Amino acid sequence: MVSMKLYVPHVGHLEGLEDLLSGSDDIYAVYMAGSPDYIGTGRTNLSAPKLEEIAIQTEYAHDRGVKMEIVLNSSCMGGQQLTPEGYRTIDWYFDKLNGIGIDSITVADPFFVEMLAKDYDMDVVVSVLSFVDSPQKAEFYEQLGATTIVIDPAVNRQFDKLEAIRDAVSCDLKLLVNEACLYQCPFRYAHFNFFSHANGPGPKPNVLDDYYYFKCLSLRINDPQQLIKSPWIRPEDLKEYRHITDTFKIGGRTQFINWILDAVDAYANESYEGNLMDLLDSVKDLKDNFFIPNSELSGAIEQWKRCDKVCHKCGYCKRLAEKVIQIYSQDEDGRCTIPLGSSGDRT
Amino acid sequence: MTMTQDMLKARGELENKLRELLGIPVFLIEMDIFALPCGCSGVTINTRGLQLDDLEIFEEHILKYLTETVTSLEIDPSFLFVRLIPGTAEIASVNARMLCSNCYMDFSRGSGKQPRPDIYILRFDRRE
């Protein structure tokens, strides 16, 4: 097995970190959100660790040879970062994290990339929420001081783009393997901006429901080919990306440790037998509705390598979805699976 | 009595017991029975006014009351937990869940009371 650097989600408290690091030797680094009082994060978050807690956890990780990354990837700060008060507060927080010995900070705002690169020793990681999907954008961020760029998963299956980004910059690249958001999702920017305010310094929106998430799931239920089209990377296909990078990030900060360790195991061993849905992060609420046998997706990457992304003419993912996706149902013997078409007419 | 009549009675009784125990206005604003596609089932009781400190101080009593409540609804009290509003000490819900074999693994792999920062376990009976 070729060595790889796996960045693994951490739910945010010491107990979780202890369980996580005692469960696997394949973790190169863990990442978690910081305090929402300063920058916040563009994803749902289950914890708000204080600086003292971050310090204790960082020391614990370092003692075990694991790097610590703090994710402060709010995609919208409402301009607060550019005010004198906002700048001073954030600068103070960066300074504290630097003093703790954090290895890297993930940010989405170009302003923070430049600020961190200029003033601190921590590695600067450009978040997927900066949507770096082209060599031109990668060059901009590298010039701002990025140490690592996490490429927008939207181009995970566009190898010409990935290779062009690789050629254009000399900084490290990281690929998020299991985010599993909708391909070309129409809600992407609005949803992350919403999360950034909900998980940021405030004022926090008092929303009734997460419209974007409901629509996201609803679109997949009505059109299950979207589950195939979303640009996840199977554990078995990591080898196809080795000429791009050896650094892979697993999404799942709101999952249980057991789930995270299963995903680490699958990606570290580049093999998984079972329902692919069990590895995907953003569709966790559908994992008991759809069964996608991972082994039956073997070879699909060869099609995706030459895919020109004109879905309405190609239809490969639609045919693949109809062939492999099954739906969980209930019969007198308990849980069973039925073919996709038998649960009703779908578009 | 019908199932919903049982639930109405159980909700009110538990709310009264908690108020009497803690001396604060705890509200149990909704009690829901659930059955999930994975095979889990149980009850969720959404709360307002209950904090993690209350739970840690009166855990023994609250565990006893919750056990009585869910047992009265014919739910096995083998896994009882509360959900916290992330990043706060506010308890969002009190829960009893009869775990399916897959979800059981999510909780059995850890050893402490907080397998995730938003979950605090009151009781977890390990299986053979």
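Everything quoted here is computed from the prediction, not taken from an experiment.

Engineer: What should I look at first to understand the overall build of chain B in this one?
Structural biologist: Check the secondary structure of chain B and you find 4 helices and 5 strands. What you see in chain B, going N to C, is helices and strands ordered as α-β-β-α-α-β-β-α-β. Overall, the C-alpha framework of chain B stretches about 35 × 35 × 25 Å when taken along its three principal axes. Looking at chain B as a whole, 48% of its 128 residues qualify as buried. Taking as baseline every contact in chain B between residues at least 6 positions apart, the subset at least 24 positions apart corresponds to 55%.

Engineer: Looking at this model, I keep getting lost on the confidence of the model for chain B. Mind explaining?
Structural biologist: Parts of the model with low pLDDT should not have their predicted coordinates read in detail. The share of residues in chain B with pLDDT of 70 or more is 100%, and the mean pLDDT across the chain is 95. Two numbers describe this predicted complex: its pTM, 0.93, and its ipTM, 0.84.

Engineer: What is the right way to read the interface of chain A and chain B from this model?
Structural biologist: In many analyses, interface size is given as the accessible surface area lost on bringing the parts together. In this complex, chain A contributes 22 residues to the contact, which on the side of chain B involves 19 residues. Together, Leu46, Phe256 and Asn258 of chain A form the three largest contributors to the area buried by chain A at its contact with chain B, with a combined 40%. Viewed at the interface, chain B and chain A are joined by 1 salt bridge. Seen at the junction of chain A and chain B, the total is 8 residue pairs in polar contact (both at pLDDT 80 or more). Elements supplying a minimum of two residues to the side of chain A that touches chain B: helix H1 (14-22) and helix H10 (257-269) of chain A. When the residues that make up the side of chain A that touches chain B are grouped by side-chain class, the tally is 7 nonpolar, 9 polar and 6 charged.

Engineer: What is the right way to look at the sheet that holds strand E2 (residues 41-48) of chain B in this model?
Structural biologist: Strand pairing in a sheet relies on backbone hydrogen bonds. The paired strands run either parallel or antiparallel. Residues and elements named next belong to chain B. Spatially, the 5 strands line up as an open sheet ordered E1-E2-E4-E3-E5, and their pairing is antiparallel. In this open sheet, the two strands that pair with only one neighbour each are strand E1 (27-35) and strand E5 (119-124). Direction aside, the axes of adjacent strands within the sheet are offset by 15° on average. Relative to E2, E1 runs antiparallel, the two sharing 8 bridges. When the bridges of E2 are listed, Asp32 appears paired with Thr44. Seen against the sheet, helix H3 (residues 59-72) touches E1, E2, strand E3 (79-84), strand E4 (91-98) and E5 and runs at an angle of roughly 70° to E5. Helix H4 (residues 101-108) rests against E3, E4 and E5 of the sheet, and its axis sits at about 110° to E5.

The rules behind each value
- Residues numbered from 1 in each chain as written.
- Chains lettered and ligands numbered in written order.
- Predicted model: local features only at pLDDT ≥ 70, side-chain atom pairs only at ≥ 80, totals over all residues.
- Heavy atoms only, no water.
- Helix = DSSP H or I, 4+ residues; strand = E, 2+ residues; numbered from the N terminus.
- Buried < 20%, exposed > 50% of the residue type's maximum accessible area, 1.4 Å probe, protein only.
- Contact = heavy atoms within 4.5 Å.
- pLDDT = per-residue confidence, 0-100.
- Buried area = accessible area lost by both parts, 1.4 Å probe.
- Salt bridge = Lys/Arg side-chain N within 4 Å of Asp/Glu carboxyl O.
- Polar contact = N/O pair within 3.5 Å; in protein donor to acceptor, adjacent residues only side chain to side chain.
- Nonpolar A, V, L, I, M, F, W, Y, C, P; charged D, E, K, R; others polar.
- Pairing = 2+ DSSP bridges.
- Axes fitted to C-alpha atoms, helices over the stretch in contact; angles between N-to-C directions.

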